[in-house]
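Below, each chain spelled out in residue letters.
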Amino acid sequence: MRMITLTFLALCSALAADARTPPDVMTVSATLPGSQEFEAPPALEAIEDHSVVLLDLTLSVEAYPSFENDDGTYSGLEGDCDFGLMEGVRMMSIPTGSNHLLMYVRPGDPARFAANGVTCEYMHSLQLGENIGQVVTVRGCYLANAHAIPTARLLMLNPLPASACGLTQ
């Protein structure tokens, strides 16, 4: 009986250790719009349901997202933005370049999800004409939820703590 109990405890301990092991983290880095017109970058297409995603997106002027703000209003990025972290973003719609891949990102509360952020930055290579070279970046650790809808796929990226992507101990 003692041997069965020890074997059972060892098995339970092994199963508990497996349950705490974080899933593989998928690193997704892309610049929007992508190189192919009317197609999402392959890195975005590769995101699957329940993937843990370490996201690094750069959005040029042609691919600026629309925002749902903390106060429930909706807005876009009009004109020049203040460089640095954008505050008050509850959710954003990311133009992927494809009508068949819709993507929404929820950065989450900055106090709980400090690795996630939306920033306005400068990129010298995009300084053309009236564009002063500003880009919007979306970075952080997210859990992907994929939904099939008629003729398209919707990706909803929900916030995860930095530790889920191995960014902290």
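Going by the structure above, here's the rest.
Below, the structure is looked at part by part. All residue numbers refer to positions counted from 1 along the written sequence of the respective chain. Confidence filtering applies because this is a predicted model: local features only for residues at pLDDT of at least 70, side-chain atom pairs given and counted only at 80 or more, and all residues used for totals across whole chains, interfaces and linings. In computing side-chain values, all of the structure's heavy atoms are included and hydrogens and water are not.

1. Focus on the pattern of salt bridges
Item 1. The salt bridge definition used is simple: a Lys or Arg side-chain nitrogen within 4 Å of an Asp or Glu carboxyl oxygen. Using the criterion set out here, one finds three salt bridges in the structure.
Item 2. Glu68 is the salt-bridge partner of Arg90, the closest N and O atoms lying 3.0 Å from each other. Residue Arg90 is located in strand β6 (residues 89–94), and its partner Glu68 is located in strand β3 (residues 66–69); the two are separated by 22 residues in the primary sequence.
Item 3. Overall, Glu68 belongs to the buried group, its relative accessible area being 12%.
Item 4. One salt bridge in this structure joins Arg139 and Glu121, with 2.9 Å as the shortest N-O distance. Placement of the pair is Arg139 in strand β9 (residues 134–149) and Glu121 in strand β8 (residues 117–122), with a sequence separation of 18 residues.
Item 5. Accessibility here uses a 1.4 Å probe with only protein chains present; expressed as a share of the type maximum, an area under 20% marks a residue as buried, one over 50% as exposed, and anything in between as partly exposed. Under the relative-accessibility criterion, Arg139 is labelled partly exposed at 33%. Segments assigned H or I by DSSP are reported as helices when at least four residues long, segments assigned E as strands when at least two residues long, and all are numbered from the N terminus.

2. What to know about the state of the cysteines
Item 1. Here, two cysteine sulfur atoms that lie within 2.5 Å of each other are counted as a disulfide. A full pass over the atoms with the stated rule returns one disulfide.
Item 2. Note on cysteine connectivity: Cys141 is disulfide-linked to Cys165, with sulfurs 2.0 Å apart. Linking Cys141 and Cys165, the disulfide has an S-S dihedral of approximately 85 degrees and is accordingly described as right-handed. Of this pair, Cys141 sits in strand β9 while Cys165 sits in the segment after β10 (152–159), placing them 24 residues apart in sequence. In terms of burial, Cys141 and Cys165 fall into one category: buried.

3. Digging into the nonpolar core
Item 1. Counting residues in each nonpolar core, the largest one holds 30 residues, and the members touching the most others are Leu55, Ile94, Met103, Val105 and Val138.
Item 2. In this description, contact between two residues means that some pair of their heavy atoms is separated by no more than 4.5 Å. Those residues in contact with Leu55 that sit more than four places away from it in its chain are Val28, Met103, Val105, Val138, Arg139, Gly140, Tyr142 and Leu157. Only buried Ala, Val, Leu, Ile, Met, Phe, Trp, Tyr and Cys residues count toward a nonpolar core, and they belong to the same one when joined by side-chain atoms within 4.5 Å.

4. Describing the layout of surface pockets
Item 1. The distinction between a cavity and a pocket rests on a 1 Å grid over the protein atoms alone: a 1.4 Å probe fits inside a cavity but cannot get out, while a pocket stays open yet meets protein on both sides within 12 Å along at least five of seven lines, and a residue with an atom within 4 Å of a point counts as lining. Grid points are joined across faces, edges and corners, and a volume is the space filled by probe spheres set on the points. Within this model, the largest pocket holds a volume of roughly 260 Å³.
Item 2. Lining the largest pocket we find 15 residues, and of these Met86, Gly88, Val89, Gly108 and Pro110 sit closest to its centre.
Item 3. Elements with a contribution of two residues or more to the lining of the largest pocket: β6 and β8.

5. Notes on the environment of Asn116
Item 1. Looking at the element boundaries, Asn116 is found in the loop between β7 (101–105) and β8.
Item 2. Overall, the relative accessible area of 9% leaves Asn116 in the buried class.
Item 3. Here the alpha-carbon distance between Asn116 and Arg106, two residues 10 residues apart in the chain, equals 9.0 Å.
Item 4. Ignoring any residue separated from it by four or fewer positions in sequence, one finds Asn116 in contact with Pro107, Arg139, Gly140, Cys141, Tyr142, Pro159 and Leu160.
Item 5. For the purposes of these results, a polar contact is taken to be a pair of N or O atoms within 3.5 Å, where, inside protein, one atom must be able to donate a hydrogen and its partner to accept one; residues adjacent in sequence count only when each atom of the pair is a side-chain atom. A distance of 2.7 Å separates a polar atom in the side chain of Asn116 from the backbone nitrogen of Cys141.

6. A closer look at the environment of Thr58
Item 1. With respect to the helices, strands and loops of the structure, Thr58 is situated in strand β2 (residues 52–59).
Item 2. Separated by 61 residues in the primary sequence, Thr58 and Thr119 have C-alpha atoms spaced 9.6 Å apart.

7. Side note on the environment of Thr119
Item 1. Of note, Thr119 is situated in strand β8.
Item 2. Each C-alpha atom, one on Thr119 and one on Arg139, is 8.5 Å from the other, the two residues being 20 residues apart in sequence.
Item 3. When residues no more than four places from it in sequence are discounted, the contact partners of Thr119 are Gly84, Leu85, Met86, Val135, Val136, Thr137 and Arg139.
Item 4. Within the local environment of Thr119, its side chain forms a polar contact with the side chain of Glu121, the two groups lying 2.8 Å apart.
Item 5. Among the polar contacts listed, one links the side chain of Thr119 to the side chain of Thr137, at a separation of 2.3 Å.

Fair warning: the whole summary comes from geometry, so function is off the table for now.
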